[in-house]
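Report on the structure
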Amino acid sequence: MIRAVEASQAVSAPVLAAYRYCETVTGQQARNFAYGIRLLPTPERRAMSALYAFSRRVDDIGDGELPGAVKVERLEDTRALLGRVRGGAVEEDDTDPVAVALAHASAVFPIPLGGLDELIDGVQMDVRGATYETWDDLKVYCRCVAGAIGRLSLGVFGTEPGARGVERAPEYADTLGLALQLTNILRDVREDAEGGRTYLPADDLAKFGCSAGFAGPTPPEGSDFAGLVHFEVRRARALFAEGYRLLPMLDRRSGACVAAMAGIYRRLLDRIERDPEAVLRGRVSLPGREKAYVAVRGLSGFDTRHVSRHTLRGRA
């Protein structure tokens, strides 16, 4: 993959209004994500907002209170809308601003829209109440709902000409998505349990005596909950380490965006590791000043340089 197609600065009024709508949705509903995309040039930031707004719509269907059959129907309606975007059938004056913005973004950047089909597939797993016996099973779900987002984002970012190992960029983007999703799963373990969902693999739960689930603010009696969390944290750290190999393949501002978003989740992982039971008491989060620091660190290129040094040492 090469650098994304140069985006024209001339955007029609209807398309600009559609992008503004998507940016509003992103700013209001995705504070962690928004910290990263603020670092992008305007065309890339708008395209990422369009991707987020469409993804948010899919997620909201899955997380809503509608009956399962209605959710499936609405997800298929959303897939049909995606088909219209893919087929160039969405006009600038369409009444759906998310469709207008996504159609424009996908015309400007080589976005692999099939990743949004994968997202819909993943949310359908949620609607069906899927559970996961092994990590390999859970990876299929994570690749649909997060790995695909990484690959979609790479379509906007592009890669630097001449970057080493660039053929593996989609793989690294996918792996970074898995790392973020596993962090999300750990952070939301109590909230998901209250909603009747269990994402952590059944064999991991059994290994640490946690098969009874997480219905309250304390771990199951006799379980090694801290052991379970630390086990999953190590898995997530390994995914982050592998996914961070993407950073040197991106331009400075795209790398800063990825480093900021991933850095926020890595710090969440640090907090969870220090106090595993905190995820049973409420949602673990970072204060705004810490997120801002991570964004500045990403913009400085520190993480990219760190990855590059370690990669070069590995080849020595």
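Preceding this section is the structure that the text describes.
**A word on the packing of aromatic side chains**
Applying the stated criterion to the full structure yields seven aromatic pairs. Both rings, one in tyrosine 141 and one in tyrosine 199, keep their centres 5.2 Å apart while their planes meet at 25°; by these two values the pair is stacked. With tyrosine 141 in helix H7 (residues 135-157) and tyrosine 199 in the loop between helix H9 (189-194) and helix H10 (202-207), the pair connects residues that are 58 residues apart, well separated along the chain. Both residues of the pair, tyrosine 141 and tyrosine 199, belong to the buried class. Measuring from ring centre to ring centre gives 5.4 Å for phenylalanine 214 and phenylalanine 225, while their planes differ by 65°; the resulting arrangement is edge-to-face.

**Concerning the packing of H7 against helix H8 (residues 169-187)**
H8 packs onto H7 with a crossing angle of 120° between their chain directions and a minimal axis gap of 7 Å. By the angle between their directions, the pair H7 and H8 is classed as oblique. Crossing hand, H7 versus H8: right-handed.

**Observations regarding the environment of serine 211**
By secondary structure assignment, the location of serine 211 is in the loop between H10 and helix H11 (225-243). When the C-alpha positions of serine 211 and isoleucine 272 are compared, they lie 20 Å apart, and in sequence the two are 61 residues distant. Once residues lying within four places of it in the same chain are set aside, the contact partners of serine 211 are Leu205 and Ala206.

**Things to note about the environment of alanine 256**
Residue position: alanine 256 is located in helix H12 (residues 252-274). Linking alanine 256 and alanine 50, residues 206 residues apart in sequence, is a C-alpha distance of 19 Å.

**A closer look at the side chain of threonine 78**
Within the secondary structure layout, threonine 78 lies in helix H4 (residues 68-86). On the basis of relative accessibility, which here comes to 6%, the residue threonine 78 falls in the buried class. If near-sequence neighbours (up to four positions away) are discounted, threonine 78 is found in contact with Phe54, Val58, Ile61 and Ile120.

**Some words on the pattern of salt bridges**
Summed over the entire model, instances satisfying the criterion amount to 27 salt bridges. A salt bridge links arginine 235 to aspartate 204; the shortest N-O distance between them is 2.9 Å. Highlighted residues: arginine 235 in helix H11 and aspartate 204 in helix H10, separated in sequence by 31 residues. Overall, aspartate 204 belongs to the buried group, its relative accessible area being 3%. With a shortest N-O distance of 2.8 Å, arginine 237 and aspartate 270 are connected by a salt bridge. Of this pair, arginine 237 sits in helix H11 while aspartate 270 sits in helix H12; the two residues are 33 residues apart in sequence, bridging distant segments of the chain. Arginine 237 sits in the partly exposed class, given a relative accessible area of 28%. In this structure, a network of salt bridges that share partners links the residues Glu76, Arg79, Arg86, Asp117 and Asp121.

**Digging into helix H5 (residues 97-108)**
Its 12 residues place the ends of H5 17 Å apart at the C-alpha level, agreeing with the 16 Å of an ideal helix rising 1.5 Å per residue. Burial in H5 covers these residues: Val98, Ala99, Val100, Ala101, Leu102, Ala103, Ala105 and Val108. If you follow the buried residues of H5, they end up packed against helix H1 (13-29), helix H3 (42-63), H4 and helix H6 (114-127). At the N-terminal boundary of H5, the capping side chain belongs to aspartate 96, with an oxygen 3.0 Å from the backbone nitrogen of valine 98.

Each value, and the rule that gives it
- Residues numbered from 1 in each chain as written.
- Predicted model: local features only at pLDDT ≥ 70, side-chain atom pairs only at ≥ 80, totals over all residues.
- Heavy atoms only, no water.
- Phe/Tyr/Trp six-rings, centres within 6.5 Å; stacked < 30°, edge-to-face > 60°.
- Helix = DSSP H or I, 4+ residues; strand = E, 2+ residues; numbered from the N terminus.
- Buried < 20%, exposed > 50% of the residue type's maximum accessible area, 1.4 Å probe, protein only.
- Axes fitted to C-alpha atoms, helices over the stretch in contact; angles between N-to-C directions.
- Parallel < 35°, antiparallel > 145°, perpendicular 65-115°, else oblique.
- Left-handed = near helix turned anticlockwise from the far one by under 90°.
- Contact = heavy atoms within 4.5 Å.
- Salt bridge = Lys/Arg side-chain N within 4 Å of Asp/Glu carboxyl O.
- Expected span 1.5 Å × (residues − 1).
- Polar contact = N/O pair within 3.5 Å; in protein donor to acceptor, adjacent residues only side chain to side chain.

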